[in-house]
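# A structural walkthrough
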Amino acid sequence: MKKIMFLLIFLLVGLVILFLVLKSEPFPTYSPERNYTADKGTEQTILSQFLLAKDSTVIELPKGQFSISQALPLDGVSHVTIKGHGMGATVLNFAGQTKGAEGLRITNGNNITIQDLTVENAKGDNIKVMDTNGITFRNVESSWTGKVSEDNGAYAFYPVLCRNVVIDQCKAIGSSDAGIYVGQSVDVVISNNEALYNVAGIESENSINVKIFGNKVYENTGGILVFDLPGLTQYGKNIEVYNNTVYENNTSNFAKAGAIVGQVPSGTGSLVLGTEDVYFHDNSFTDNKTTSIAIASYELIYELGKRNSRPEEAPGVVGSVRTINDEYNSDANYNPYPRQIKIGENRFENSYLFPTINNDFGKILLFKKPFQTVDVLWDGLEDEDADYTLCFETGGESFSFYGLDVINDFKNATSDVSEYNCN
Amino acid sequence: MFRSIIVISTLALALLLGCQNQGNVAVANDYVSVSGLLTSQDTLVKYEDLGLKKLSDYGFFKQPISQLIPASEQVVPYTLNSPLFTDYATKSRFISFPEGSTAAYVSDEKVLDFPEGTVIIKNFYYTNADLKNNDTDVILETRLLLKKDGEWIALPYVWNEEQTEAYLYILGKDIDLVLEANDERVEPLNFSYSVPNINMCKNCHVKNQKLVPLGPTPRQLNRENQFISVSQNQLAFLSDNHFLVDLPPLSVVAKLPDYKDESEPLDGRARAYLDVNCAHCHQDGGSAKTSGLHLAYEESDLYRLGVNKPPVAAGKGSGYLAFDIVSGKPEASILLYRMKHLEPDIVMPEIGKNLVDTEGVALIESWIKSL
């Protein structure tokens, strides 16, 4: 009898564990109160403000929630401000757009400011800014409403090939790729924003001199990503990530198949992919199921991507936003390994017992480190010629570390941080 | 007596029903093919600092301007070997040279170096044969490229319903059309033609952040045309009439294939098609420079042309396909997928296209099969 009771309890515990492991987070829904007006006259007035803008024009947008049927373009002007009456008070909704894939499209400008408005539901990207020196977003909400889906647009804030970028006190919600995304840019500040319900909350890609601080990043698949991808115009370095609050980034990955962010395991606080000179300090990471900070090489993501594409569908079915590039070896200027990744004092907390297991990282952790949380996870792949790959400014007592040694089938996997001290 | 009663009551009815009545009358007359051209109800903002308000103000054409007959010998007509597809519209092109000035030859693939004050004029129209229930040609818009202070500016003019004038109209306009069935189309085709807004011109015409003309390159102009008195090669005509200098002997000037000419080799036709329809953005310095896809006629690197090249930031445009072009497999090629679609986040070219170019799709399909 006692034996049967024991067996029953054992089974029950097993079931509970199984449930906890298999349970994935539901897809979140963003439903703000909206009452759109679709009025051709208002749309034409707004469009003509964009088209007729000259240097130093202030484009003042009226109060109200407007459905707009086409991309609003601003090109080749300096010192222009686009200004509404506040997030939610001035709303430009591009849900039914028939022309252009972006909401706002800004090109070849100097010192452009966008402030106090909401841009939502564009078919492609909500706000794209290209070839611009000086772009400031302040108090702007950029979102996709409803339940998150791969049909949502890719980027909420999308400055690319820009210099002097400031994104401050903004909100990014529901992007099927990255909420706040800065690509191939130089001198960037991403501060005091909120990013939620995106696949990637904040992403710095191939960018130089980037400060990411004071942001609240939660309920995304991955919180803050620092990526370097091959085949682009420049490679990233000198990135500082500090004073951010990164929590509950456990949303299941809803990226389009084949997009590189589709490889981000749900439950990731931060992920560094490739890149040189990244410094994390004074952040608080809480309850990101899989790991707080992951450090990986492009080589690993590339191999995982290859394995995850189903052979019977290849080569037809990969598709995507930023796809996994199998020609990375041919780019002589590209270094797939992370280098000089410095981790200072951070606050790590994880009340979840199990990582998410719908991804390779989670599965590895579940089997290698059951019932333990890993704060800093590293794939173990390194560039032999680099000064160092990663280092810690503090001792191992305040966090847990796991170096996977992927290349040797985890033979020399280690949790010992002593040999990775910054001094 | 009866007649005046009928006239008066019809007028009264028209007044009573107002705008709504206009629609009814149109249906009654079976005149449903064109709506959206400018009417007296369109409020036209004054854009004096951009360009002249009316097309007739420039004096390019004799009255009635809808005949598009040049007002002087300085306004020279031209055609291209391979023109851009624009929803089956026919185009009538002219270059207005300022008195006493000449353009210079640069190279076969580069646009002529035009003098200050040149205006390139492109009229978009549908012939009465194209349009259902219409007995005259209808000109929709006229686009101008003007060279002013060394820089080019683009100005769109939209024609009125009466076809007596075109007005500078910067907001873009949707014009509803019904195209008649023909050999390729079994059914009449309803669609909305889009006149671009003034900023959209830049999407295609910007190279290295500067606005430039695209069509009039020597290899595109190298063909016969009918001028007022003679039929002659266009480059020879320009040169003989002192509009063009530095032209090398015609025998050494390249000629872009006409992609509609089935006697030309498939590869040349397909590459010419991609050049005129895609390469304005898909080249170094063009709007699609971040895509890594290069479709200019002279591109020789297969990877840069898209063969086995993964897309960079195509989003939904990839159609879940892995490569821009898969040799021998048009159905697995993103390039063809995007040509066949019209949704704003998938369609290529990304603006100015509201109909699929069925013949163009067939051409590129056979070309990919042949790779």
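### Here's the deal with the overall build of chain A
Helix and strand counts for chain A come out as four helices and 32 strands. In terms of overall size, chain A behaves like a compact globule, its C-alpha atoms giving a radius of gyration of 22 Å where 423 residues would be expected to give roughly 22 Å. Referenced to the eigenvectors of the C-alpha coordinate spread, the extents of chain A come out at roughly 80 × 55 × 45 Å. Out of the 423 residues in chain A, the part that is buried amounts to 51%.

### A closer look at the sheet that holds strand 18 (residues 200-205) of chain A
Residue and element names in this part refer to chain A. Spatially, 4-7-9-12-15-18-21-24-27-30-32 is the arrangement adopted by the 11 strands of the open sheet, whose pairing is parallel. With partners counted over all chains shown, the strands left at the sheet margins are strand 4 (70-75) and strand 32 (401-403), one partner each. In this sheet, neighbouring strand axes are inclined to one another by 15° on average, regardless of whether the strands run parallel or antiparallel. As judged from the two bridges shared by strand 12 (residues 157-160) and strand 15 (residues 178-183), these two strands associate in the parallel manner. Across the sheet, F157 pairs through a bridge with I180, a residue of strand 15.

### Remarks on the environment of R271(B)
Residues and elements named next belong to chain B. With respect to the secondary-structure elements, R271 resides in helix 5 (residues 266-278). Judged by local crowding, R271 falls into the buried class, with 22 C-beta atoms found within 10 Å. Between the C-alpha atoms of R271 and L256, which are 15 residues apart in sequence, the distance is 9.3 Å.

### Looking at the packing of helix 5 of chain B against helix 7 (residues 358-370) of chain B
All names here are of chain B. At a minimum axis separation of 9 Å, helix 5 and helix 7 run at an interaxial angle of 125°. Regarding the angle of helix 5 to helix 7, the classification is oblique. Crossing of helix 5 over helix 7 shows left-handed handedness. Here L266, D267, R269, A270, Y273 and N277 of helix 5 lie close against helix 7, whose contacting residues are G360, L363, I364, S366, W367 and S370. Of the residues contributing to the contact of helix 5 with helix 7, the split by class is six nonpolar, four polar and two charged.

### Focus on helix 7 of chain B
Residue and element names in this part refer to chain B. Over its 13 residues, helix 7 runs 18 Å from end to end, which matches the ideal 18 Å to within 8%, given 1.5 Å per residue. Among the residues of helix 7, L363, I364, W367 and I368 are the ones counted as buried. For helix 7, the angular spread of the buried residues around the axis is 130°, confining them to a single face. For helix 7, the exposed residues lying more than 90 degrees away from the buried face are T358, A362 and S370. Residues of helix 7 that are buried sit in contact with helix 5 and helix 6 (334-340).

### Digging into the interface of chain B and chain A
At the junction of the two partners, chain B supplies 30 residues and chain A supplies 30 residues. Residue composition of the side of chain B that touches chain A, by class: 17 nonpolar, nine polar and four charged.

### Describing the confidence of the model for chain B
Residues and elements named next belong to chain B. For chain B, per-residue confidence averages 86 on the pLDDT scale, and residues scoring 70 or more make up 88% of the total. Confidence over residues 9-33 falls short of pLDDT 50; this stretch has 14 contacts with residues more than four positions distant or in other chains. The ipTM for the predicted assembly is 0.80, set against a pTM of 0.86.

### Brief notes about the sheet that holds strand 7 (residues 151-159) of chain B
All names here are of chain B. The strand order 2-3-5-6-7-8 describes an open sheet built from six strands, whose pairing is antiparallel. The sheet terminates laterally at strand 2 (75-78) and strand 8 (166-168), the two strands that pair on one side only. Taking each pair of neighbouring strands and ignoring which way they run, the sheet shows an average axis angle of 25°. Pairing analysis gives seven bridges linking strand 3 (residues 90-96) to strand 5 (residues 119-126), with the strands arranged antiparallel. Bridging across to strand 5, K91 finds its partner in F124.

### Quick look at the pairing of strand 21 (residues 222-227) of chain A
Residue and element names in this part refer to chain A. Extensive coverage of strand 21 is indicated by the burial of six of its six residues. One ladder, built from five bridges, connects strand 18 with strand 21; its direction is parallel. Counted as the bridge partner of A200 is G222 from strand 21. Of the pairings in the sheet, the one linking strand 21 to strand 24 (residues 268-273) comprises five bridges and is parallel in character. Each residue of the ladder has a partner; that of I224, found in strand 24, is S270.

### Some points on the environment of I357(A)
Residues and elements named next belong to chain A. The topology assignment puts I357 in the loop between strand 29 (347-349) and helix 4 (360-368). Taking the C-beta count within 10 Å as the criterion, I357 has 21 such neighbours and is therefore assigned buried. When the C-alpha atoms of I357 and S270 are compared, they prove to be 17 Å apart, with 87 residues separating the residues in sequence.

### Details of helix 5 of chain B
With 13 residues, helix 5 of chain B should reach 18 Å at 1.5 Å per residue; the first-to-last C-alpha distance of 18 Å fits that figure. Tucked inside the fold, the buried residues of helix 5 of chain B contact helix 7 of chain B.

### Points about the environment of L50(B)
All names here are of chain B. The topology assignment puts L50 in the loop between strand 1 (34-35) and strand 2. Residues L50 and N308, spaced 258 residues apart in sequence, show a C-alpha to C-alpha distance of 45 Å. Discounting chain neighbours no more than four positions away, the residues touching L50 are L155 and L168.

### A few points about the nonpolar core
In terms of nonpolar packing, the biggest core is built from 161 residues, with F157(A), I180(A), V261(A), I295(A), L140(B), Y157(B) and V158(B) touching the most fellow members. Setting aside anything within four residues of it in sequence, one finds Y157(B) in contact with L55(B), E141(B), T142(B), L144(B), A166(B), Y167(B), L168(B) and Y169(B). If you look at the next biggest cluster of nonpolar residues, it comprises 32 residues, including V276(B), A288(B), L293(B) and L295(B).

### So, the confidence of the model for chain A
Here chain A shows a mean pLDDT of 89. Residues at 70 or above account for 92%. In this model residues 310-321 of chain A is a low-confidence stretch, pLDDT under 50, and it forms 38 contacts with partners more than four residues away in sequence or in other chains.

### Points about the pairing of strand 3 of chain B
One ladder, built from four bridges, connects strand 2 of chain B with strand 3 of chain B; its direction is antiparallel. Bridge pairing in strand 3 of chain B links V76(B) to I95(B).

### A short note on unusual backbone geometry
Omega for the bond connecting Q63(B) with P64(B) falls within 30 degrees of zero, at -10°, which places this linkage in the cis form. If you trace the backbone, P64(B) turns up in the loop between strand 1 and strand 2. With an omega of -5°, the peptide bond between M348(B) and P349(B) qualifies as cis. Here P349(B) shows up in the loop between helix 6 and helix 7. Despite not being glycine, Q169(A) shows a phi value in the positive range, around 55°. Mapped onto the fold, Q169(A) is located in the loop between strand 13 (163-168) and strand 14 (171-173).

Cut-offs applied
Residues numbered from 1 in each chain as written. Chains lettered and ligands numbered in written order. Predicted model: local features only at pLDDT ≥ 70, side-chain atom pairs only at ≥ 80, totals over all residues. Helix = DSSP H or I, 4+ residues; strand = E, 2+ residues; numbered from the N terminus. Rg over C-alpha atoms; globule rule 2.2 N^0.38 Å. Buried ≥ 20, exposed ≤ 12 C-beta atoms within 10 Å, placed from the backbone. Pairing = 2+ DSSP bridges. Axes fitted to C-alpha atoms, helices over the stretch in contact; angles between N-to-C directions. Parallel < 35°, antiparallel > 145°, perpendicular 65-115°, else oblique. Left-handed = near helix turned anticlockwise from the far one by under 90°. Contact = placed C-beta atoms within 7 Å. Nonpolar A, V, L, I, M, F, W, Y, C, P; charged D, E, K, R; others polar. Expected span 1.5 Å × (residues − 1). Arc of directions from axis to C-beta. pLDDT = per-residue confidence, 0-100. Core = buried A, V, L, I, M, F, W, Y, C linked by C-beta atoms within 7 Å.

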